[in-house]
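A structural walkthrough
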Amino acid sequence: MTRGAVYPLAMRRKRAIASTRVVVAALALAALAAAGAVRAAGRLEDDLGRSEVRVRSEAYPIVSGLSVPDSGLVERLETLGYRRVHERPSRPGEYFWGDTVLWVFRRAHRLGGTDYGAALLGLRLDRGVVTGLVDARGGEHRLDRRGLVWLEPETLSESLEGDRADRLPVRLDDLPERVWRPLLAAEDHRFFEHGALDARAVARAALANLKRGGVAQGGSTITQQLVKNRDLTPKRTLGRKLSEAARALALEAEYDKREILEAYLSSVYLGHVDGLAIYGYGTAARVYFSRRPRDLTLPQAALLAAMVQGPNGLSPLRHPERALSRRNWVLGRMRELGWVDAGEAEAARASGLGLSPSPPLRSAPVHALSRVAAEARRAAPGRIAEGRGVVVETTLDPVLQRDAEQAVSRGLARLQREHRALRTAPLSAALVAIDPDDGAVLAYVGGDPTEPAGGFDRASEAKRQPGSTVKPLVLLEAFDRCGGRDPLSPSSRVADEPLRWELPSGVWEPENYDRRFEGVIPVRQALAESRNVPFARIERWCGVEATAKTLERAGLAVPDPPPPSLALGTVETSPLELAGAYTVLATPGRARAPRLVDRIELPEGRAIEVAHPSSRRVVRPSSAWLVRDLMTTAVDDGTARVARIEGVDVAAKTGSSSDLKDSWFAGHADGVVAVVWVGLDDGRSLGLTGAAGAGPIWREFMLAAVPARPPRTLDRPRDIVERYVDSTTGLLVRERHRHAVLERFRRGALPPRDRFWRRDTPLSVVK
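Rules and cut-offs
Residues numbered from 1 in each chain as written. Predicted model: local features only at pLDDT ≥ 70, side-chain atom pairs only at ≥ 80, totals over all residues. Heavy atoms only, no water. Disulfide = S-S within 2.5 Å. Helix = DSSP H or I, 4+ residues; strand = E, 2+ residues; numbered from the N terminus. Buried < 20%, exposed > 50% of the residue type's maximum accessible area, 1.4 Å probe, protein only. Axes fitted to C-alpha atoms, helices over the stretch in contact; angles between N-to-C directions. Parallel < 35°, antiparallel > 145°, perpendicular 65-115°, else oblique. Left-handed = near helix turned anticlockwise from the far one by under 90°. Contact = heavy atoms within 4.5 Å. Nonpolar A, V, L, I, M, F, W, Y, C, P; charged D, E, K, R; others polar. Pairing = 2+ DSSP bridges. Patch = residues over 30% accessible without salt bridge, like charges linked within 9 Å, V, L, I, M, F, W, Y side chains within 5 Å. Areas by Shrake-Rupley, 256 points an atom, 1.4 Å probe, with all protein chains shown as cover. Salt bridge = Lys/Arg side-chain N within 4 Å of Asp/Glu carboxyl O. Lys, Arg positive; Asp, Glu negative; His and termini not counted. Charge placed at Lys NZ, Arg CZ, Asp CG, Glu CD. pLDDT = per-residue confidence, 0-100. Core = buried A, V, L, I, M, F, W, Y, C linked by side-chain atoms within 4.5 Å. Expected span 1.5 Å × (residues − 1). Polar contact = N/O pair within 3.5 Å; in protein donor to acceptor, adjacent residues only side chain to side chain.

Some words on the state of the cysteines
- Following the criterion strictly, the structure yields one disulfide and no others.
- Between the sulfur atoms of C482 and its disulfide partner C542 the distance amounts to 2.3 Å. On the sign convention where negative is left-handed, the bridge of C482 and C542, at about -80° about the S-S bond, is left-handed. Of this pair, C482 sits in the loop between helix 16 (471–480) and strand 18 (493–496) while C542 sits in helix 18 (residues 532–542), and the two are 60 residues apart along the sequence. The same class applies to C482 as to C542, namely buried.

Observations regarding the packing of helix 6 (residues 222–231) against helix 8 (residues 257–267)
- Contact geometry of helix 6 with helix 8 gives a least axis separation of 10 Å together with a crossing angle of 50°. What the angle tells us is that helix 6 and helix 8 run oblique. Note on packing geometry: the crossing formed by helix 6 with helix 8 is left-handed. From helix 6, I222, T223, Q225, L226 and N229 reach across to helix 8, where they touch I260, A263, Y264 and S267.
- Tallied by class, the residues present in the contact of helix 6 with helix 8 amount to five nonpolar, four polar and no charged.

Thoughts on the sheet that holds strand 24 (residues 607–610)
- Here we have five strands laid out as an open sheet, ordered 12-1-15-23-24, and mixed in their pairing. Each edge of the open sheet is held by one strand with a lone partner, namely strand 12 (155–157) and strand 24. Strand-to-strand, the axes of this sheet are offset by a mean angle of 25°, without reference to chain direction.
- Against the sheet, helix 13 (residues 366–379) touches strand 1 (54–56), strand 12, strand 15 (391–394), strand 23 (597–601) and strand 24, its axis set at about 50° to strand 23.

What to know about a positive patch on the surface
- On the surface, a cluster of positive charge is made up of R723, R734, R736, R747, R753 and R755.
- Relative to the elements of secondary structure, R734 occurs in the loop between strand 29 (720–726) and strand 30 (740–746).

A word on the pattern of salt bridges
- Counted by the stated rule, this structure contains 49 salt bridges.
- Close ionic contact of E52 with R54 constitutes a salt bridge, the shortest N to O distance being 3.7 Å. R54 shares its class with E52; the two are buried.
- Between D115 and R110 there is a salt bridge; the shortest N-O distance is 3.3 Å.
- By relative accessible area, which is 42% here, D115 ends up partly exposed.
- Taken together, the salt bridges that share partners define one network made up of R524, D629, R716, E722, E743 and R744.

Topic: helix 10 (residues 298–307)
- With ten of ten residues buried, helix 10 is to be regarded as a mostly interior element.
- Looking at helix 10, one finds that the buried residues are L298, P299, Q300, A301, A302, L303, L304, A305, A306 and M307.
- Structurally, helix 10 contributes buried residues whose contacts are with helix 4 (177–187), strand 13 (269–273), helix 9 (281–289), helix 11 (320–336) and helix 12 (342–350).

Looking at unusual backbone geometry
- A cis amide bond, omega 0°, links D560 with the succeeding residue P561.
- Note on placement: P561 falls in the loop between helix 19 (544–554) and helix 20 (575–586).
- With omega at -20°, the peptide bond leading from T587 into P588 counts as cis.
- By the element assignment, P588 lies in the loop between helix 20 and strand 22 (590–592).
- Non-glycine residue S530 carries a positive phi angle of around 55°.
- With respect to the element layout, S530 can be found in the loop between helix 17 (523–528) and helix 18.
- S530 gets classed as buried once you look at its relative accessible area, which sits at 12%.
- Notably, D670 is not glycine yet its phi reads approximately 55°, a positive angle.
- Of the residues examined, D670 reaches a relative accessible area of 22% and is grouped as partly exposed.

With respect to the confidence of the model for the chain
- Here the chain averages 88 in pLDDT, while 87% of its residues score no lower than 70.
- Low pLDDT, under 50, characterises residues 1–42; the predicted model gives this stretch 44 contacts beyond four residues in sequence or across chains.
- Confidence drops under a pLDDT of 50 for residues 763–767, and excluding neighbours within four residues, the segment shows 13 contacts in the predicted structure.

Focus on the nonpolar core
- Of all hydrophobic cores here, the largest spans 73 residues; its most connected members are L160, V392, L475, F479 and I538.
- The element contributing the most residues to this core is helix 20, with eight residues.
- Non-local contacts of I538, meaning those with residues more than four positions away in its chain, are made with V474, L475, A478, L488, V494 and V523.
- Among the nonpolar cores identified, the runner-up in size contains 54 residues, and L44, V227, L249 and M307 belong to it.

What about helix 13?
- The end-to-end C-alpha separation of helix 13 is 20 Å, in line with the 20 Å expected for 14 residues at 1.5 Å each.
- Residues V366, H367, A368, L369, V372, A373 and A376 constitute the buried set of helix 13.

Section: the sheet that holds strand 17 (residues 441–445)
- Reading across the sheet, the five strands line up as 17-16-28-27-26 and stay open at both edges, with antiparallel pairing between neighbours. Looking at strand neighbours, the two that pair on one side only are strand 17 and strand 26 (650–656), the edges of this open sheet. Strand-to-strand, the axes of this sheet are offset by a mean angle of 10°, without reference to chain direction.
- In this structure, strand 16 (residues 427–434) lies alongside strand 17, joined through four bridges in antiparallel fashion. The partner of V432 across the bridge, within strand 17, is Y444.
- Contacts between helix 21 (residues 621–637) and the sheet are confined to strand 26 and strand 27 (662–669), with strand 26 contributing the most and set at about 70° to the helix.
- Across the sheet, helix 23 (residues 695–708) touches strand 16, strand 17, strand 26, strand 27 and strand 28 (672–680), and the angle it forms with strand 28 is around 150°.

Focus: the pairing of strand 17
- Summarising burial for strand 17: five of the five residues are buried, a large majority.
- Here strand 16 folds back onto strand 17 in antiparallel fashion, the turn holding six residues, of which G439 has a positive phi close to 80°.

Re the packing of helix 9 against helix 10
- Across the interface, helix 9 lies against helix 10 with an axial gap of 11 Å and an inter-helix angle of 115°. Considered as vectors, helix 9 and helix 10 are oriented roughly perpendicular to each other. Considering only the axes of helix 9 and helix 10, their crossing is right-handed. Across from Y281, A284, Y288 and F289 in helix 9, the residues of helix 10 making contact are Q300, A301, L303, L304, A305 and M307.
- A breakdown of the residues in the contact of helix 9 with helix 10 according to their chemical character gives nine nonpolar, one polar and no charged.

Brief notes about the side chain of R76
- Its place among the elements puts R76 in helix 3 (residues 73–79).
- Residue class for R76 comes out buried when judged on its relative accessible area of 4%.
- Side chain to side chain, R76 and D397 meet in a polar contact 2.9 Å long.
- In this view, R76 contacts Y60, S71, L151, D397, P398, V399, L400 and A708; residues no more than four positions away in its chain are not counted.

Thoughts on the environment of G467
- Turning to its location among the elements, G467 is positioned in the loop between strand 17 and helix 16.
- Residues G467 and S565, 98 residues apart in the sequence, show an inter-C-alpha distance of 10.0 Å.
- Residues contacting G467, with those up to four places away along its chain left out, are L568, G569, G655 and S656.

As structure tokens, this is what we get:
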């Protein structure tokens, strides 16, 4: 090469270096401005990038009366990554469970548009039950249901599609150098020596770009790569590179090198396995080697570092030869840098890939996530379409969600095991649980929890006949207004006798499930035994239109005109709608609109949409309370006996559609309203009643759910009174009467007193 040829090249190098210095200086100034946009959240792990997605659970409220063992409080802490210590914790992320105090050093977090700093919480215990809050000075405060103390939300998913495996964050302090050194050798060996930008690498990249007339090399540091993955699109443009560099400078102004490397190790993309994206060394170590990251050998760690360049093209599961070649290059690079000696490098290069694959875990609630994604797309369609990040705060209780999925999975397996006809049938189920205080959806299962994301959601999309679960809602109208007639009461007598109802379409003759008639019976017995004919009479007595309007106010869709068979549950509804309607019985009197999403915001915190609890008055509180009281009889002595839970006040109702196509179970206990549906997707007969199909799933879930939620009492309304009635007539009598039974009534809607000239008769208008 001649001197004349060398000179222009040298000049170009000098100009490239000078230009690089100018760019770096400009970026430094830009970083100072950008640093204001970086939200200090205590940990880089909590400071989301602009392109990251988080779907979070509710913040679990801690109130007086909560049992630490029964509520799963410690399980919640450990799932959140808290570490148990042997004395009062000294830093966030630790807890100490003593005999009289449970200390929790809650981490900094964001919730409801507010950033909360780390806080040390002392929960006073009395035989394992929370009785109050102890402050640092020893003072004690009462806790109430408003949720003045809570655990931070749990991350349910890092994508709206449910296509990511569960990410297992790593802590750099827990990792030996052999695990993370190969990554630096492959990607940024001077990471701990340079700043956010590596001037040498930038100059080298700038020169290559000048030669190519475009962006050919990036010269990205680990910090820049982290920024690119969190904040930016994958487009290779000069503008994006400038933004990447500015943000990298801002990031290093906020966090130290070890925090940045830790965040990178926890979030770097490492390929797809079984259709799920693998992010982070914690997840990759489990999926590829069935190990914890700290137990990785040098060649295994070098293999993960090798994959960073092209996670799928270098996948050891699909392209083992390429992966082996790149891994050996990483080991050779470590030898060049003096990070391993010749013997170590040679021994590692001689080893195989060391694979021991485990299937990736996905705990994201697939059907709930599909509904959450739909709400996010509605609230921010353009942003979601572009793949930009959002944070969705849901109402889901992660412990109850796991309990619900387990109850559904085990329930379906039990039914298929016990009923030969169901073993190859398209059997499925749905479960929805709601907090009646605010309509928050606590658990949401739309089918088999093992189904892939995007499957049919039976919790909200399937419309099926709810059968007798509608009967308590029919009584709401009967006890409250009864279409303008005198309201009925639990002791009102109704004829359970053959009925011919003349309709424009013909004669309708409803039948009971057992094809038998009991004669004249009280309303309480009619509901407990789920007698169809008495409820058809009640509906006709109060009016079909009036009954339909009450069901609509409760939240059910009723066709126009409403069918006379409305009282027997021939309208179609979903488990989500029915659960919302059943909140009327637990409030009592108001229907809470089911709500799965509380807030949608940008990763930097600006709100896109905020949801608020909503409700509507359906009937008087006393009317709803009476109906719920009748439902407890169905649990104690009627068709819902499978729902009995010792020590818990349970009100529930079974339901079966015509030809036993659908099995339903709905009810309320303590702070949870839940509905379970079981059926076949093709619409064929399931052949099971509500008690046999859905009932056991409902009970298993509620056994776990009731103690896991803050305690809740349902006070008796003031206008509820107790009076003795004659069990054979329903008329008021004195306590010493031989047929006297104690019954509850709404004041102002009492039955007449027994007189020798007056004997109660069935509702003659519908006899």
